[in-house]
Amino acid sequence: MELQDKTILLGVCGGVAAYKAAALLRDMRRAGARVRVVMTEAATRFITPLTLQALSGEAVYTGLWDERIANGMPHIELSRGIDAVLVVAATADFLARMATGRAEDLLSTIALARKTPLFVAPAMNRQMWEHPATRRNVATLLGDGVCFFGPASGVQACGDEGEGRMLEPEEILEALIAALTPRRLAGKKVLLTAGPTFEAIDPVRGLTNLSSGRMGYALARAAMQAGAEVSLVSGPVELAAPYGVRVSRVRSALEMREAVLQEATTADLFIAVAAVADYRAEEVATQKHKKENGRPPEIRLIANPDILAEVAALPRPPFCVGFAAESENLETFAEEKRKRKKIPLIVGNLIQEGFGGKTNRVILFDEEGSHPLPPGEKQAIAHKLIEHIAHLLEKTYARAG
Ligand code: CTP
């Protein structure tokens, strides 16, 4: 769990987006965090402290004079032992108070008294976000080291459209995890492929496979959270782009190859997770195949290029990582694939344990041998894998001097 052992103080301000704090809090708890909630008086008009208390499993605080804190100093007591303060539905007024160092309610006092990073997810009408006063306050806060999550553009509660909408809870959670994850891939460019490919036979039919894309998307997210600039070339899947990751959507192996080769020469790391179809139809029928007297059509297949092997054979290749999904003899086949493609690391898994599902069990094969990772959710595995890869990368750079 990405936020295991982390304690976050979640501040909620008084804006319509405050209702999203409930979903965010639930997601933060699922990611392993302990969450202490502080609300402004205005926030309690939009969502009740009881809701957030039930979800956090702890008392919720709203006032500076709260008598439940024994030493009478809630702002000090609540900012002790936390890893970060995250303020959501942050209003123009909250930003103004922060920018001028005012401390007239519990949340702004904690924001001043804290020793930990402050993350802010603003939510306001676009006119307010664009107002010169707000722009000045944001610039001041950036200068003070405050980190902004969003806002995004889109339709707002007032019906206006523009910048100022709060990020969705899952995007805030991803940004929070990224901000708290050691940045072992900072300054690195990571290129990945994910999902299946679809090889057309005629305008409506084609060859594909059951890859869900989840492992590749999870790795892209973990690489972004480790500080990398991430570009993901994705086959046809329904998954949303991970926050902060550039996604190019392609369909066939040839399209995937082209998109990859455009970026491979500038990448530091290439992780080929896609289940690329090994073959495609030599000719794609322009019209739909018809049943002709019940005689099946003859479709000649030709081999697709091996994208991973091609990238690994570039004059100055990025550090290449492949995947081997096998139905038997995992160790032998994966290691044989690693050598054939001339890559330093291959991630092996048995199809029956991961392909298409939400969990996985993988074994890493590199020059030093095999390293099994504990089974689990694909996102948790992705973080461990990125750690292992970052370690190998550091060793490679150290060797190269
Ligand atoms: N790969 C690729 N381009 C292809 C085929 C595979 O980049 N045309 C990559 C995959 O993304 C994965 C690895 O190579 O990282 C899988 O290797 P491969 O030998 O092609 O796997 P399989 O198709 O499963 O091979 P086999 O049928 O021999 O088991």
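Just so we're clear, the structure is a prediction, and the values are computed from it rather than from any experiment.

(A) Representation of the side chain of Lys189. Within the fold, Lys189 resides in strand S9 (residues 189-194). Not counting residues within four places of it along the chain, the set of residues in contact with Lys189 comprises Glu229, Glu263, Thr266, Ala267, Asp268 and Leu269.

(B) Structural context of the site of the ligand. Within the structure, the ligand sits among 14 residues, and Ala272, Ala274, Pro305, Leu308 and Phe323 are positioned closest to it. Between Ile307 and the ligand, the recorded distance is 3.0 Å, taken from a backbone N or O atom to a nitrogen atom. Protein contacts shield 76% of the accessible area of the ligand, which totals 580 Å² for the unbound molecule. With 3 residues, the single largest contributor to the shell around the ligand is strand S17 (residues 319-326). Its residues assigned to classes, the shell around the ligand comprises 7 nonpolar, 1 polar and 6 charged.

(C) Summary view of the nonpolar core. In terms of nonpolar packing, the biggest core is built from 38 residues, with Leu185, Leu219, Ile271 and Leu385 touching the most fellow members. For this core, the secondary structure elements donating two or more residues are S9, helix H9 (214-225), strand S12 (229-234), strand S14 (269-272), S17, strand S18 (345-350), strand S20 (362-366) and helix H14 (378-400). Among the nonpolar cores identified, the runner-up in size contains 37 residues, and Ala21, Val37, Met166 and Ala175 belong to it.

(D) Structural context of the environment of Lys291. Topologically, Lys291 is positioned in the loop between strand S15 (279-281) and strand S16 (301-303). Lys291 gets classed as exposed once you look at its relative accessible area, which sits at 81%. Along the backbone, Lys291 and Ala253 are 38 residues apart, and their C-alpha atoms lie at a distance of 28 Å.

(E) Fine view of the pattern of salt bridges. By the definition in use, this model includes 24 salt bridges. Residue Glu335 pairs with Lys339 through a salt bridge whose shortest N-O separation is 3.2 Å. Of this pair, Glu335 and Lys339 both sit in helix H12 (residues 330-340), 4 residues apart, which is roughly one turn of the helix. Put simply, Lys189, Glu229, Arg246 and Glu263 are held in one network by salt bridges that share partners.

(F) Region of interest: helix H10 (residues 253-264). With 12 residues, H10 ought to run about 16 Å at 1.5 Å a step, and its terminal C-alpha atoms sit 16 Å apart, in line with that. All buried positions along H10 are accounted for by Ala253, Met256, Ala259, Val260, Glu263 and Ala264. Projection of H10 onto a plane perpendicular to its axis shows the buried side chains occupying an angular sector of 130°, all on one side. Facing away from the buried side of H10, by more than 90 degrees, are the exposed residues Glu258 and Gln262. Looking at the buried positions of H10, the neighbouring elements they touch are S9, strand S10 (199-200), S12, strand S13 (246-249), S14 and helix H11 (307-312).

(G) Inspection of the sheet that holds strand S5 (residues 118-122) at higher detail. Strand order in this open sheet of 6 strands is S3-S2-S1-S4-S5-S6, and the pairing throughout is parallel. Bordering the open sheet on either side are strand S3 (60-61) and strand S6 (147-148), each of which pairs with just one other strand. Taken together, the 6 bridges between strand S1 (residues 7-12) and strand S2 (residues 34-39) define a ladder with parallel strand orientation. By the bridge assignment for S2, Thr7 is matched with Arg34. In this fold helix H1 (residues 20-30) packs onto S1, S2 and strand S4 (84-90), with an angle of close to 175° to the strand it touches most, S1.

(H) Highlighting the packing of H1 against helix H2 (residues 49-56). Packing of H1 against H2 leaves a shortest axis separation of 9 Å and a crossing angle of 10°. In terms of their interaxial angle, H1 and H2 are classed as roughly parallel. Facing H1, whose interface residues are Ala21, Ala22, Leu25, Arg26 and Arg29, H2 presents Thr51, Leu52, Leu55 and Ser56. Along the lines of polarity and charge, the residues of the contact of H1 with H2 split into 5 nonpolar, 2 polar and 2 charged.

(I) A look at the packing of H1 against helix H8 (residues 169-180). Contact geometry of H1 with H8 gives a least axis separation of 9 Å together with a crossing angle of 45°. Our classification of the angle between H1 and H8 gives oblique. As H1 packs across H8, the resulting crossing turns out to be right-handed. Of H8, the residues touching H1 (which contributes Lys20, Ala23, Leu24, Asp27 and Met28) are Pro169, Glu170, Ile172, Leu173 and Leu176. Each residue belonging to the contact of H1 with H8 can be placed in one class, and the counts come to 7 nonpolar, no polar and 3 charged.

Reading the values: the criteria
Residues numbered from 1 in each chain as written. Predicted model: local features only at pLDDT ≥ 70, side-chain atom pairs only at ≥ 80, totals over all residues. Heavy atoms only, no water. Helix = DSSP H or I, 4+ residues; strand = E, 2+ residues; numbered from the N terminus. Contact = heavy atoms within 4.5 Å. Near = heavy atom within 4 Å. Polar contact = N/O pair within 3.5 Å; in protein donor to acceptor, adjacent residues only side chain to side chain. Areas by Shrake-Rupley, 256 points an atom, 1.4 Å probe, with all protein chains shown as cover. Nonpolar A, V, L, I, M, F, W, Y, C, P; charged D, E, K, R; others polar. Core = buried A, V, L, I, M, F, W, Y, C linked by side-chain atoms within 4.5 Å. Buried < 20%, exposed > 50% of the residue type's maximum accessible area, 1.4 Å probe, protein only. Salt bridge = Lys/Arg side-chain N within 4 Å of Asp/Glu carboxyl O. Expected span 1.5 Å × (residues − 1). Arc of directions from axis to C-beta. Pairing = 2+ DSSP bridges. Axes fitted to C-alpha atoms, helices over the stretch in contact; angles between N-to-C directions. Parallel < 35°, antiparallel > 145°, perpendicular 65-115°, else oblique. Left-handed = near helix turned anticlockwise from the far one by under 90°.

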